[in-house]
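Listed below, chain by chain, are the residues.
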Amino acid sequence: MTEQDLSGRVALVTGGSRGIGRAICRRLAQAGAWVAVNHSSSDEAAAETLAEIRADGGEGGVWRADVSSFAATDAMFGSIEAERGPVDLLVTNAGIASFQDDVDMPVDLWRRILAVNLDGTFHCVWRAKEGMRAGGDGRIVCISSINGLAPTTMRPDRLIAYGTSKSAIIGFARNCAVAFGPAIRVNCVAPGLVDTDMTRDMSEEMRQRIVAGTPAGRTGTPEDIAALTHFLLSDAAGFITGQTYVASGGLVTLP
Ligand code: NAD
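Read on for an overview of the structure.

What counts, and where the lines are drawn
Residues numbered from 1 in each chain as written. Predicted model: local features only at pLDDT ≥ 70, side-chain atom pairs only at ≥ 80, totals over all residues. Heavy atoms only, no water. Phe/Tyr/Trp six-rings, centres within 6.5 Å; stacked < 30°, edge-to-face > 60°. Helix = DSSP H or I, 4+ residues; strand = E, 2+ residues; numbered from the N terminus. Buried < 20%, exposed > 50% of the residue type's maximum accessible area, 1.4 Å probe, protein only. Pairing = 2+ DSSP bridges. Expected span 1.5 Å × (residues − 1). Bend = angle between axes of the 7 residues up to and from the residue. Core = buried A, V, L, I, M, F, W, Y, C linked by side-chain atoms within 4.5 Å. Salt bridge = Lys/Arg side-chain N within 4 Å of Asp/Glu carboxyl O. Near = heavy atom within 4 Å. Polar contact = N/O pair within 3.5 Å; in protein donor to acceptor, adjacent residues only side chain to side chain. Areas by Shrake-Rupley, 256 points an atom, 1.4 Å probe, with all protein chains shown as cover. Right-handed = clockwise from strand over helix to strand, strands pointing away.

Moving on, we come to the packing of aromatic side chains. Here the structure, examined in full by the defined rule, presents five aromatic pairs. Considering the side-chain rings of Trp34 and Trp63, the 5.9 Å spacing of their centres and the 65 degrees angle between planes classify their relative orientation as edge-to-face. Here Trp63 lies in strand 3 (residues 59-64) and Trp34 lies in strand 2 (residues 34-39), a separation of 29 residues in the sequence. Accessibility classification places Trp34 together with Trp63 in one group, the buried group. Note on Phe122 and Phe172: the rings are 6.0 Å apart at their centroids and 70 degrees apart in plane angle, and the pair reads as edge-to-face. On the criterion of sequence distance, the pair formed by Phe122 in helix 4 (residues 107-135) and Phe172 in helix 5 (residues 160-180) is long-range, its members being 50 residues apart. Classification of Phe172 by relative accessible area gives buried; the value is 15%.

Right under this line is the structure:
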């Protein structure tokens, strides 16, 4: 068994139907975890994630639930527990960004972004923590963003609510790491620009400007983020908790 083997583990990845979440689902299943694929809107896309897991020889299931609702999150956990037992690997990846200017955003847009990104993270961690504390070896990765570390000057009009939600996720994860150790490790991953449906509307000119400022000379792939997430969930990261890891090709560096 290698230090990154996840056999016997029950993983839940929120927002697993596409993009970064799908790549994380695949990666964890390849490492031996049984993977619950959560999504909120596309049964077809989630079924594709599960089909890819199975094509790789892995196992899992699909759960549709809007994580901004605690009732829906609670019901999802109850159903996973009934089928496989407690979730001991959690990736809070579900997230939305604004596709209109935030400068004059309606109050409802602020509320929706915070509800999905921040409350959704909280609901999942809160529902997972009792089982993880009882089991004594829970591991959580919260997906933040470089926009949670520093406001962008490239898209200053768009990311007030999103950037705030992603900063708050980092603060939440740090506090949980202290409160729930040693039974649970909690870390954050802060991706830079990754090519997914979420970033599809970005202009080519903007993309080129970002790449020009990125030492790695490219945008990220969902697999880049999945590899780091897998590491943080594995035994190899056993002494790491309360941290935020940036995967941005060097666009943003921590002090
Ligand atoms: P995406 O839009 O391709 O996928 C988002 C996933 O979240 C989908 O599976 C969707 O069904 C799910 N989702 C949305 N709202 C939900 C809800 N209320 N309940 C449950 N599931 C919900 O996005 P992506 O680019 O793969 O991003 C994944 C995560 O990574 C997000 O948290 C995003 O903020 C973060 N991120 C992305 C980038 C990037 O450049 N793509 C950069 C930094 C951080």
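Next comes the rest of the write-up.
So, about the pairing of strand 6 (residues 184-191). Counting buried positions over the eight residues of strand 6 gives eight, a clear majority of the element. One ladder, built from six bridges, connects strand 5 (residues 138-143) with strand 6; its direction is parallel. Paired with Arg139 across the strands is Arg185, a residue of strand 6. Across four bridges, strand 6 lies against strand 7 (residues 244-247) in parallel orientation. The residue bridging Cys188 from the neighbouring strand is Thr244, located in strand 7.

The end-to-end C-alpha distance of helix 4 is 41 Å, a good match for the 42 Å that 29 residues give at a rise of 1.5 Å each. Where helix 4 bends most, at Lys129, the angle is about 40 degrees. At the exit of helix 4 stands Gly136, carrying a positive phi of roughly 80 degrees.

Turning our eyes to something else, we now look at the nonpolar core. Leu12, Met76, Phe77, Ile80, Leu90, Ile140 and Val186 are the most contacted members of the largest nonpolar core, which totals 30 residues. Secondary structure elements with two or more residues in this core: strand 1 (10-13), strand 2, helix 3 (70-84), helix 4, strand 5, helix 5 and strand 6.

Moving on to the environment of Asp101. Following the sequence through the fold, Asp101 ends up in the loop between strand 4 (89-92) and helix 4. Along the sequence, Asp101 and Arg158 sit 57 residues apart, while their C-alpha atoms lie 4.9 Å from each other.

Right, let's get into the pattern of salt bridges. Applying the stated rule across the entire model yields 20 salt bridges. Arg64 is paired through a salt bridge with Asp43; the nearest N and O atoms lie 3.0 Å apart. Of this pair, Arg64 sits in strand 3 while Asp43 sits in helix 2 (residues 43-55), placing them 21 residues apart in sequence. Sharing partners across several salt bridges, the network here consists of Arg9, Asp88, Asp137, Arg139 and Asp235.

Attention now goes to the site of the ligand. If you check the shell around the ligand, you find 32 residues, and the closest are Ser17, Arg18, Asn93, Tyr162 and Thr196. Arg18 is positioned with one of its side-chain polar atoms (N or O) 2.7 Å from an oxygen atom of the ligand. Thr196 places a side-chain nitrogen or oxygen 2.5 Å from an oxygen atom of the ligand. Out of a free accessible area of 830 Å², the ligand has 95% covered by protein chains. Secondary-structure elements contributing two or more residues to the shell around the ligand are helix 1 (19-30), strand 2, helix 4 and helix 5.

Attention now goes to the pairing of strand 2. Consecutive side chains along a regular strand alternate between the two faces of the sheet. When you tally the buried positions in strand 2, you get six out of six residues, the bulk of the element. Covered by surrounding structure in strand 2 are Trp34, Ala36 and Asn38 together with Val35, Val37 and His39, the residues of both alternating faces. Of the strand pairs in this sheet, strand 1 and strand 2 are connected by four bridges, and their pairing is parallel. Across the sheet, the residue bridging to Ala11 is Val35, located in strand 2. Of the crossover connections in this fold, the one passing from strand 1 over helix 1 to the parallel strand 2 is right-handed. Here strand 2 pairs with strand 3 via six bridges, running parallel. Bridge pairing links Val35 to Gly60 in strand 3. Note that the unit made of strand 2, helix 2 and strand 3 has a crossover that is right-handed.

Quick look at the side chain of Ser144 now. As for its placement among the helices and strands, Ser144 is situated in the loop between strand 5 and helix 5. Of the residues examined, Ser144 reaches a relative accessible area of 2% and is grouped as buried. Within the structure, Ser144 has its side chain in polar contact with the backbone oxygen of Lys166 (distance 2.9 Å).

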